[in-house]
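Structure at a glance
If you want the building blocks of each chain, they are given just below.
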Amino acid sequence: MAASAHAVRVDRVAVSVYRIPTDVESESDGTYVWNGTTLVLVEAHGGGITGIGYTYADESTARLIRSTLATVACGMNVMAIGEIWTALVAAVRNLGRPGIASMAISAVDVAVWDLKARLLDLPLLTLLGAVRDAVPVYGSGGFTSYTDDQLSTQLTGWVSSGIPRVKMKVGRDAAADVKRVAVARRAIGDAAELFVDANGAYGRKQALSQAERFTESRVSWFEEPVYHGDIAGLRFCRDHAPASMEISAGEYGYDPATFTAIVDAGAVDVLQADATRCEGITGLLIVDGLCEASALPLSTHCAPSLHAHAACAAKRVRHVEYFHDHARIEHLLFDGALTPVRGALVPDLTRPGLGLEFKRADAGRYEIS
């Protein structure tokens with residue numbers, strides 16, 4: 001039943017943590033190796049309804065929510081999300097805002113948005129105000145730990161399913177990267193777009209050298225060619241990369257000041273943002289406003305089912321990253337997790353909020369806290 005009251009208080013904020021192993025022994029990109037992913041789930045209760053939010057972050061994120069942010073949110077008006085977000089940001093002033101603190105804020109903010117939409121019996125997209133009814137995706141994975149056969153199978157699977165753009169990891173071995181990119185191009189054919197992500201593995205001139213070689217395979221997107229904190233280096237790559245190749249970064253943006261610095265430096269062709277890191281739906285909409293003011297396209301990073309509604313409401317969003325690990329986890333743990341249809345995510349407007357229901361019984365085996 002839709003809530004008619006102007007004020008519904010947050011009664012309780014619960015947090016739980018789940019560690020889900022990778023579906024192969026381990027995965028890697030240009031600068032990191034992992035064998036599992038940790039999901040921190042927040043459940044915000046109010047008015048007899050529960051809203052959910054989550055972030056992919058360390059277990060310490062949950063401890064911060066339990067010890068500090070839950071207390072801040074409890075008693076506040078769910079209908080005044082801007083006030084809640086401001087209070088959460090203020091609460092981490094002395095902790096260091098970027099990083100764990102911002103990810104903790106993200107999970108709480110998303111849960112409160114979901115709760116508000118459920119209280120009003122509206123899909124989140126309707127509450128936010130739709131710009132589009134579906135958002136394009138790109139298939140993302142192609143880990144450096146994959147064999148050529150694994151790489152080809154994954155990328156062609158996405159293309160065959162109707163996703164016309166795919167992304168692979170590079171940066172582990174420069175010479176091997178060029179060969180792997182060529183393998184990927186042969187596998188997906190001529191029509192699909194091919195993106196690469198170095199996760200900051202290259203130096204500035206090495207990145208440009210690689211960019212020239214990648215054009216042989218018609219790579220059109222080069223993500224984090226250098227370390228994400230080297231904003232001048234990103235600008236250098238943007239200025240000198242082939243004109244057919246866009247430079248992107250922003251997944252490690254945690255607060256508005258970081259995104260402003262990237263935009264002011266003219267460092268990217270496409271800005272990225274992640275609502276599980278950049279302080280939630282509220283933070284993502286701030287970044288979208290920055291992109292609108294700067295005439296920059298925006299692409300959301302990972303967590304596809306969490307981003308679908310907000311991406312359809314964001315004015316500058318070009319596409320959502322359909323990341324292999326997170327798509328798998330979301331389907332494993334949430335009823336209502338979205339699967340691309342003709343290369344796009346279509347929010348289910350028959351379900352309130354994010355349209356997700358946590359599958360607690362299925363998730364129990366992965367719970368660590």
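Throughout, residues of each chain are indexed from 1 in the direction in which the sequence is written. Local features in a predicted model are, by the rule used here, given only for residues with pLDDT of at least 70; side-chain atom pairs are given and counted only at 80 or more, and totals for whole chains, interfaces and linings are based on all residues. To get the side-chain values, all heavy atoms of the structure are used, and hydrogens and water are removed first.

1. Observations concerning the overall build of the protein chain
Helical segments are the DSSP runs of H or I of at least four residues, strand segments are the runs of E of at least two, and each set is numbered from the N terminus. Counting its regular elements, the protein chain contains 13 helices and 16 strands. Throughout, radius of gyration means the C-alpha value; the globule benchmark is 2.2 Å times the number of residues raised to the power 0.38. A compact globule built from 369 residues should have a C-alpha radius of gyration of about 21 Å, and the protein chain, at 20 Å, falls within 12% of that. With respect to the principal axes defined by its C-alpha atoms, the protein chain has extents near 60 × 40 × 35 Å. Expressed as a percentage of the 369 residues in the protein chain, the buried residues total 58%. Should any heavy atoms of two residues lie within 4.5 Å, those residues are counted as being in contact. Here the analysis covers contacts within the protein chain between residues at least 6 apart in sequence; of these, 71% occur between residues at least 24 apart. Here the protein chain holds 34 positive side-chain charges and 43 negative ones, and the gap between their average locations is 1 Å. Buried, partly exposed and exposed residues are distinguished by accessible area as a fraction of the type maximum, computed with a 1.4 Å probe on protein chains only: under 20%, between the cut-offs, and over 50%, respectively. Under this rule, positive means Lys or Arg and negative means Asp or Glu; His and the chain ends count for nothing. Charge coordinates come from a single atom per side chain, which is NZ of Lys, CZ of Arg, CG of Asp or CD of Glu.

2. Regarding the side chain of His301
By the secondary structure assignment, His301 is in the loop between β12 (298–300) and α11 (304–313). Under this definition, polar contacts are N or O atom pairs within 3.5 Å; protein pairs additionally need one hydrogen-donor-capable and one acceptor-capable atom, and for neighbouring residues in sequence, both atoms have to be side-chain atoms. Engagement of the side chain of His301 in a polar contact is seen with the side chain of Glu251, the distance being 3.2 Å. Side-chain polar atoms of His301 contact the side chain of Asp274, separated by 2.7 Å. Apart from the residues within four sequence positions on either side, His301 is in contact with Glu251, Ala273, Asp274, Arg277, His307 and Glu321.

3. As for the state of the cysteines
The definition used for a disulfide is geometric: two cysteine sulfur atoms within 2.5 Å. The full count for this structure, using the stated rule, is zero disulfides. Lacking any disulfide linkage, Cys291 is separated from the closest cysteine sulfur, that of Cys278, by 11 Å. With no disulfide of its own, Cys312 lies 16 Å from the sulfur of Cys291, the closest cysteine sulfur.

4. Brief notes about the pattern of salt bridges
Counted as salt bridges are all cases of a side-chain nitrogen of Lys or Arg within 4 Å of a carboxyl oxygen of Asp or Glu. Applying the stated criterion across every chain yields a total of 20 salt bridges. Linking Arg97 and Glu279 is a salt bridge whose minimum nitrogen-to-oxygen distance equals 2.8 Å. With Arg97 in the loop between α2 (81–91) and α3 (100–119) and Glu279 in the loop between β11 (270–273) and α10 (280–294), the pair connects residues that are 182 residues apart, well separated along the chain. Here Asp197 and Lys169 are joined by a salt bridge, their closest N and O atoms 3.0 Å apart. Residue Asp197 is located in strand β8 (residues 193–197), and its partner Lys169 is located in strand β7 (residues 165–169); the two are separated by 28 residues in the primary sequence. Assigned by exposure class, Asp197 and Lys169 land together as buried. One network of salt bridges, with partners in common, ties together Lys167, Lys169, Asp197, Glu223 and Glu321.

5. Here we look at the pairing of β8
Of all five residues in β8, four are buried, a share of seventy percent or more. Since β7 and β8 lie parallel, the crossover through helix α6 (residues 174–188) that links them has a hand, and here it is right-handed. Here, any two strands with at least 2 DSSP bridges between them count as paired. As defined by bridge partners, β8 adjoins strand β9 (residues 219–223) across four bridges and the pair is classed as parallel. The residue of β9 that forms the bridge with Phe195 is Trp221. Here a crossover is taken to be right-handed if, once the strands point away from the viewer, the path from the first strand over the helix to the second is traced clockwise.

6. Things to note about the side chain of Thr37
The residue Thr37 is located in strand β4 (residues 36–46) in this model. Look at Thr37 and you get buried, because its relative accessible area is 12%. The residues touching Thr37, leaving out its near neighbours within four places in the chain, are Tyr18, Arg19, Ile20, Tyr56, Asp325, His326 and Ile329.

7. Remarks on the sheet that holds strand β5 (residues 49–56)
With antiparallel pairing, three strands are arranged side by side in an open sheet as β1-β4-β5. Of all strands in the sheet, those bounded by a partner on one side alone are β1 (12–21) and β5. Each strand of the sheet is rotated relative to its neighbour by a mean of 20°, with strand direction disregarded. As judged from the ten bridges shared by β1 and β4, these two strands associate in the antiparallel manner. Lines fitted to C-alpha atoms define the axes, with helix axes restricted to the stretch in contact, and inter-axis angles between N-to-C directions lie between 0 and 180 degrees.

8. A look at α6
Because an α-helix packs 3.6 residues into every turn, residues spaced three or four apart end up facing the same way. The length a helix should cover is 1.5 Å for every residue beyond the first. The terminal C-alpha atoms of α6, which comprises 15 residues, lie 21 Å apart, in line with the 21 Å expected from a rise of 1.5 Å per residue. Within the span of α6, buried status applies to Asp177, Val178, Arg180, Val181, Val183, Ala184, Arg185 and Ile188. The inward-facing, buried residues of α6 contact α5 (148–160), β7, β8, α7 (204–214) and β9. In this structure Asp173 caps α6, since a side-chain oxygen of it lies 3.1 Å from the backbone nitrogen of Ala175. Just past α6, the residue Gly189 takes up positive phi, approximately 85°.

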